[in-house]
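Here are the chains, one letter per residue:
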Amino acid sequence: MHRALVPFLLLLSFLLASCGENGPVSQVDGSMEPQAQVVRAAPGRYAGTLPCADCSGIATELQLWPSGACLLQSTYVGKPVEANRFVEWGRWSHDAPGRVVVELGAGDRTLYFAPQPGGSLIKYDLAGTTLLDPATNSLQPADGTFAPGGVLPLRGTFYYPKPRVAHFRECHSGRDLLVRLDPEAAGIEGDFRDQGADPGQGMVAEVKGTLQVTPLEDTDGAVLLLTIKEVDALVPGERCAW
């Protein structure tokens, strides 16, 4: 090889090695850029006052349980409470974009919320596409477990997970409730036996009762006690979704 070509070939080899080294490094650096994490809502209690077209606001309590069960109470402020307080049961989850999806009743309506890094939930419009004004459409984390006030109509499965210990599993949410019977409702036990219901599987019942938070704990947190005050019907042959 001609002596004059040796320095030129060495220089060319060095330049090619340098180009090959620098190219991939910049690509790897680009792929390692940190990506924004999706914020997830924690199970728990959320409360706030949402806008109302014909009242002072809608006092809202939303309880999200770890099992996916949920409870929503909406009270129209400035109107007679008993006629303008609504309690709905359902299921909640996160969808792919990270929204909290609250499905109420038997698919009667769906609400969407955006979880925030500080823990609050901001409501979307009914279609779930446009985020509403956070100043007036936010629910904030609240302490404890929520239990609605007043006498509530409930539909669910009345059953006995243990002898002489009655439970009630609400139809739309699957939330399990410990049961106490008022004297006026004690006849449900005899009717349950007369219908030949399996104690473990239970039977669908329509009742009216009150709820209260107890110091007991289950997998969803504080146990709720349902005091059944009135039995409207036992419904043999039917099954709840949950």
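Each value, and the rule that gives it
Residues numbered from 1 in each chain as written. Predicted model: local features only at pLDDT ≥ 70, side-chain atom pairs only at ≥ 80, totals over all residues. Heavy atoms only, no water. Disulfide = S-S within 2.5 Å. Buried < 20%, exposed > 50% of the residue type's maximum accessible area, 1.4 Å probe, protein only. Helix = DSSP H or I, 4+ residues; strand = E, 2+ residues; numbered from the N terminus. Pairing = 2+ DSSP bridges. Axes fitted to C-alpha atoms, helices over the stretch in contact; angles between N-to-C directions. Salt bridge = Lys/Arg side-chain N within 4 Å of Asp/Glu carboxyl O. Phe/Tyr/Trp six-rings, centres within 6.5 Å; stacked < 30°, edge-to-face > 60°. Core = buried A, V, L, I, M, F, W, Y, C linked by side-chain atoms within 4.5 Å. Contact = heavy atoms within 4.5 Å.

1. Some words on the state of the cysteines
Then step 1. According to the stated counting rule, one finds 2 disulfides in the structure shown.
Then step 2. Each sulfur in the disulfide pair Cys52 and Cys55 lies 2.1 Å from the other. Residues Cys52 and Cys55 are joined by a disulfide whose S-S torsion is about 125°; by sign, that bridge is right-handed. The two residues Cys52 and Cys55 agree in class, both being buried.
Then step 3. Linked covalently through their sulfurs, Cys171 and Cys240 form a disulfide whose S-S length is 1.8 Å. Taken together, the positions of Cys171 in the loop between β10 (165–170) and β11 (176–181) and Cys240 in the segment after β13 (221–235) put the pair 69 residues apart, joining distant regions of the chain.
Then step 4. Shown here for the protein is a disulfide pattern of 1-2, 3-4, where each number marks a bonded cysteine counted in sequence order.

2. Topic: the sheet that holds β13
Then step 1. As summarised here, the arrangement of the 5 strands in space is β9-β10-β11-β13-β12, forming a closed barrel in which the pairing is mixed. Neighbour-to-neighbour, the strand axes of the sheet open up by a mean angle of 50°, direction not taken into account.
Then step 2. Bridging between strand β9 (residues 152–162) and strand β12 (residues 203–218) involves 7 bridges; their strand directions are antiparallel. By the bridge assignment, Leu154 is partnered in β12 with Val207.

3. Here we look at the pattern of salt bridges
Then step 1. All chains considered together, the criterion is met by 11 salt bridges.
Then step 2. The closest approach of N and O atoms between Arg175 and Asp220, which form a salt bridge, is 4.0 Å. Here Arg175, found in the loop between β10 and β11, pairs with Asp220, found in the loop between β12 and β13; they are 45 residues apart in sequence, far enough to count as distant. No difference in accessibility class separates Arg175 from Asp220, as the two residues are buried.
Then step 3. The partner of Lys229 in a salt bridge is Asp182, with the nearest N and O atoms 2.9 Å apart. A residue pair is termed long-range when its members are at least 10 positions apart, and Lys229 in strand β13 and Asp182 in the loop between β11 and α2 (187–194) qualify at 47 residues.

4. Considerations on the packing of aromatic side chains
Ring pairs (aromatic) are described by centroid distance and by the angle formed between their planes.
Then step 1. Per the counting criterion, the structure on display carries 5 aromatic pairs.
Then step 2. Between the aromatic rings of Trp65 and Trp89, the centroid separation amounts to 6.4 Å while the plane-to-plane angle is 15°, which identifies the pairing as stacked. Of the two residues, Trp65 is situated in the loop between β2 (58–64) and β3 (69–76) and Trp89 in strand β4 (residues 85–94); the sequence distance between them amounts to 24 residues. Just as Trp65 is buried, Trp89 falls in that class too.
Then step 3. Taken together, the ring pairs in this structure connect Phe158, Tyr160 and Phe192 into an aromatic cluster.

5. A short note on the nonpolar core
Then step 1. By size, the foremost hydrophobic cluster in this structure holds 25 residues, and its most contacted members are Leu154, Phe158, Phe168, Val179, Ala205, Leu226 and Ile228.
Then step 2. Of all the secondary-structure elements, those providing two or more residues to this core are β3, β9, β10, β11, α2, β12 and β13.
Then step 3. Core analysis: the next-biggest nonpolar cluster, separate from the first, contains 15 residues, Ala41, Leu50, Leu62 and Leu111 among them.

6. Observations regarding the sheet that holds β4
Then step 1. Here 8 strands make up a closed barrel; going around it, the order is β1-β2-β3-β4-β5-β6-β7-β8 and the pairing antiparallel. This sheet shows a mean twist of 30° between the axes of neighbouring strands, independent of strand direction.
Then step 2. In the sheet, strand β7 (residues 121–123) pairs with strand β8 (residues 138–142) via 2 bridges, with the strands oriented antiparallel. Considered in β8, the bridge of Ile122 is made with Ser138.

7. Some remarks on the pairing of strand β1 (residues 44–50)
Along any regular strand, the residues point their side chains to alternate faces of the sheet.
Then step 1. Pairing geometry for β1 and β2, over 7 bridges, is antiparallel. Within β2, the position partnered with Gly44 by the bridge is Leu64.
Then step 2. Pairing between β1 and β8: 3 bridges, direction antiparallel. From the neighbouring strand, Arg45 faces β8, where its bridge partner is Ala142.

8. As for the environment of Leu121
Then step 1. One can find Leu121 in strand β7.
Then step 2. For the pair Leu121 and Gly48, spaced 73 residues apart in sequence, the C-alpha separation works out to 9.8 Å.
Then step 3. If near-sequence neighbours (up to four positions away) are discounted, Leu121 is found in contact with Ala41, Tyr46, Leu62, Val100, Phe113, Ala114, Pro115, Asn137, Ser138 and Leu139.

The values reported here are purely geometric and, on their own, carry no functional implication.
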